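Coordinate analysis (summary)
The primary structure of each chain is shown beneath.
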Amino acid sequence: MPHIRSLLQPIFEHVSFVEAQRALVDGAANIRLSSLTPTAKALAICGLAMGSKRPFVVITSDNEAAERLRASAAAFAEWIGSGLSASAVDVLPAYDCKAYENRSPHPEIAEERAVALWSIARGRTRILFAPAAAALGRFRDKNFYASLGLELKLGDELNMEDLVEHLAGTGYEPGEPVSGTGQYSVRGGILDFYPPESAWPFRVEFFGDRIESIREFDPETQRSRGQADRALLLPLSESLRSRKFFSDLVRVLTERARAAQRKPAKSSRADAEPDWAPAYSQEFRGWEFYVPLVEPHPNSLPALFEQPVLVLDEPDDRRVQIQRTLENARTSFDEVRDSEPPPPRPEELMLSESEFQTVTQGLTQISLAELALDAGDKSVLQSQSAPRFHGDVKAFITETRERLARRERVVFVLPSAGKLDRMREILSEYAVTFETISSSPTEGGSSSPNAEGAVALARGALEDGVVFPGLQLALISDGDLFGGFAWGTPGRKERSVVSSFISDLSDLKPGDYVVHVDHGIGLYHGLRPLELGGAPRDFMLLTYQDDARLYVPLERLDLVEKYRAGGDGVKPQLDRLGSATWVRTKTRVKRALRDMAAELLRLYAERKMRGGIAYSSDTPWQKEFEDSFEFEETPDQITALADMKRDLESPQPMDRLLCGDVGYGKTELAMRAAFKVVQDGKQVAVLAPTTVLAFQHFTTFKRRMSAFPIRIEMLSRFRSAADLKKTVQEAEAGRVDIVIGTHR
């Protein structure tokens, strides 16, 4: 079996790539490659990193660009091998907020940064993608970041109280029981914690200061899954939280205020602490940006690596972006410079433009550009984006045959074994010769190229394909043929409590109608800081009839929901605080619910007596369809799918409610159920509440099932009257497998 690396070899032997690699070995200051698509850039980075053995720091435009390049580079790293692997490719994301917005970074971004910095400090990262805003940051030394993560092994001697202090300092929150990432709990000599990047939480048992047992456990049942030899405790924050830190911060801010000749806030004694001190003596919004005032951050990002190579993605754009980023930071600071206490200055958080130039001028720099400088540019490695077929298999087959006739090498890259099997069926049906090639260095494929005139099938998570016309090589991804659809990230975990809280709160905006469990319909006016017990706290401000005000503490956010009845634009009548109107409303609703429950009980008894259809067990196509899902199913998805299949295979009528947050894979499970029904020759109707949602489901079903002979149609106002009539007739005739639409 040939290896995919043999097909990539012509790229690495291209004159422009060879010159770049030679210049890198010779220590040239500036190297350039041009005419590269984003996928070609990722391949070039991996190829150069393979030859040099030095770490690469790649500066991109933003977090999205960094993540897309990382995903492609991770796929190529797995193919190339030679010391490279997907785990050695990482992203250091930029903060999602500015230092002067009185906000803390999103917990997921804080976690990604902490884990990335720990990986860098431990020497595990060979290729790092970082947006310009992140590359401008100031950092502590490597030893500090290396200490943020701990590896616990059986028999280790470790004080449990010190370990708990470390957990709290690196961002973990107490939770009993531990059910989500970033939580920990202590029960006597037992410590539970759920680190990021881990599939399961750990339970560590101590005997004195000695670790006697390490086990993984299921957060749903809290039952042990088995013994483990070690547990890696990764950080959720790149800065340590402690009482000492916040005490030192208040001292530093007080000194800065006095040095700036600002009088402390009014106090009965001249030397008493300022009025703002209590708020800054504990964790507050945006505290992360104040850390450099207390703990020195003397290093640049490249300084965390040994002899790094700096790669600039579109160098001219990045230089302009760096200037604008610094200008925006100065403008934002000017708006709050007179605040009490004095905020950190931009130069205390970020490198200046001259400092960044000084740091980078001594490094080997590689410029990657999409456009060539001129016709005689010797740095050109000509590449083009792969064509998009949008599920049109016939068009794909036609173009593939044309490419093979021109003696081009065509490599089709698919993310799962199921999709590889399905593509083999498609190519066989159209009599296109194909060969499966090895895509992993551990598979030991041969260095000989694949058979001429045959499509090469390789496994890999390549989002976008690329064509090298001068080398007669085309890499076509699954997304190029069937279209991309995102259900989440591979191995996606549940959101933490903190991140869920932020999402719920951000769903509200001033002027929205809300419903309070005890007081009824009110109007939301945003957050208001109020002092309670000598300390400032945030409250939701709700108003009712006669401008009556109700302040709801954020910890009771569960009592308030957004008003959603009647659709957008509906303005309900506000309730009166203290009146019996809301009580009467709830009483009427309860009575109506009892009536509805009685009717449902009668209906369900009738359904059970009539019986339903028992569908067959899973077919091979069902397995192929499910295997083609390129992301890892969550435990809840697996459980729900098993329940749904058990319902479908039972002779009783199925009636199951599937609940889940946005983006957690409900549609995927619905499609699997629909696919199972269609396999038994039955039809499926998908009812959506809105025309837009019906269209979204229609496109999703079409993309997901495009590799199978299933006909899907839509009934909505997006279709003409003639098309609607034709679709209904063909559905009645049994020629349509799945119909998606609104109730009309």
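The sections below set out a description of the structure shown in this document.

What counts as what
Residues numbered from 1 in each chain as written. Predicted model: local features only at pLDDT ≥ 70, side-chain atom pairs only at ≥ 80, totals over all residues. Heavy atoms only, no water. Helix = DSSP H or I, 4+ residues; strand = E, 2+ residues; numbered from the N terminus. Rg over C-alpha atoms; globule rule 2.2 N^0.38 Å. Buried < 20%, exposed > 50% of the residue type's maximum accessible area, 1.4 Å probe, protein only. Contact = heavy atoms within 4.5 Å. Areas by Shrake-Rupley, 256 points an atom, 1.4 Å probe, with all protein chains shown as cover. Axes fitted to C-alpha atoms, helices over the stretch in contact; angles between N-to-C directions. Parallel < 35°, antiparallel > 145°, perpendicular 65-115°, else oblique. Left-handed = near helix turned anticlockwise from the far one by under 90°. Phe/Tyr/Trp six-rings, centres within 6.5 Å; stacked < 30°, edge-to-face > 60°. Lys NZ or Arg CZ within 6 Å of the ring centre and 35° of its normal. Pairing = 2+ DSSP bridges. Expected span 1.5 Å × (residues − 1). Arc of directions from axis to C-beta.

Let us now look at the overall build of the protein chain. The helix and strand tally for the protein chain stands at 24 helices and 28 strands. The C-alpha atoms of the protein chain give a radius of gyration of 30 Å, which matches the 27 Å a tight globule of 744 residues would have. Seen along its three principal axes, the alpha-carbon backbone of the protein chain occupies a region of about 90 × 85 × 60 Å. The burial tally for the protein chain puts 47% of its 744 residues in the buried class. Long-range pairs, those at least 24 residues apart, make up 73% of the contacts in the protein chain with a sequence separation of at least 6. Counting only carbon and sulfur atoms, one obtains 51% of the accessible surface of the protein chain, whose full area is about 37,400 Å².

It is worth spelling out the packing of helix α2 (residues 15–25) against helix α3 (residues 38–52) at this point. Running from N to C, α2 and α3 cross one another at 40°; their axes reach a closest spacing of 10 Å. Considering their axes alone, α2 and α3 lie oblique with respect to each other. Handedness of the crossing formed by α2 with α3: right-handed. Taking contact as the criterion, the partners of F17, A20, Q21 and L24 in α2 are, on α3, A44, G47, L48, G51 and S52.

This part takes up the packing of aromatic side chains. Any two aromatic rings considered together are summarised by their centre-to-centre distance and by the angle between their planes. Evaluation of the coordinates by the stated rule reveals 20 aromatic pairs. When the centroid spacing of 5.3 Å and the interplanar angle of 40° are considered together, the rings of F12 and F17 count as tilted. Judged by centre distance (5.9 Å) and plane angle (35°), the rings of F193 and F202 are tilted. F202 carries the same exposure label as F193, and that label is buried. The structure contains a cluster of three or more aromatic residues connected by ring pairs, namely F245, F246, W276, Y280, F284, W287 and Y290. The aromatic ring of F708 is capped on one face by R422, whose charged end is 4.7 Å from the ring centroid. Over the ring of Y604 we find R607; its NZ or CZ atom is 5.7 Å from the centre of that ring.

On to the sheet that holds strand β4 (residues 127–131), then. Taken together, 6 strands build an open sheet; the order of strands is β1-β14-β13-β2-β4-β3 and the sheet is parallel. Pairing within the sheet leaves two strands with one partner each, and these edge strands are β1 (30–33) and β3 (89–91). Averaged over all neighbouring strand pairs, the angle between strand axes comes to 20°, with direction disregarded. In the sheet, strand β13 (residues 309–313) pairs with strand β14 (residues 364–368) via 5 bridges, with the strands oriented parallel. Residue pairing for β14: D313 is matched across the bridge by L368. Against the sheet, α2 contacts β1, β2 (56–60), β13 and β14, and its axis sits at roughly 160° relative to β1.

Taken in spatial order, the 3 strands make up an open sheet running β26-β28-β27, and their pairing is parallel. Each of the sheet's edge strands pairs with one partner strand only, and the pair in question is β26 (684–687) and β27 (712–715). Averaged over neighbouring strand pairs, the angle between their axes works out to 20° when direction is ignored. Both β26 and strand β28 (residues 738–741) contribute to a ladder of 4 bridges, which runs parallel. For V684, the partnering residue across the bridge sits in β28 and is I738. Across the sheet, helix α24 (residues 721–732) is in contact with β27 and β28; its angle to β27 comes to roughly 130°.

Moving on to helix α12 (residues 315–336). Within an α-helix, residues lying three or four positions from one another point in the same direction, as the helix has 3.6 residues per turn. With 22 residues, α12 extends 32 Å from end C-alpha to end C-alpha; this agrees with the ideal 32 Å at 1.5 Å per step. Three or more residues of α12 are buried, namely P315, R318, Q321, I322, T325, L326, A329, S332 and F333. Looking down the long axis of α12, one finds its buried residues gathered within 130° of arc, a one-sided arrangement. Projecting away from the buried face of α12 at angles above 90 degrees are the exposed residues D316, R324 and E335. Considering only its buried residues, α12 is in contact with β2, α6 (132–135), β13, α13 (346–349), α14 (353–361) and β14.

So yeah, pure geometry; function would need other evidence.
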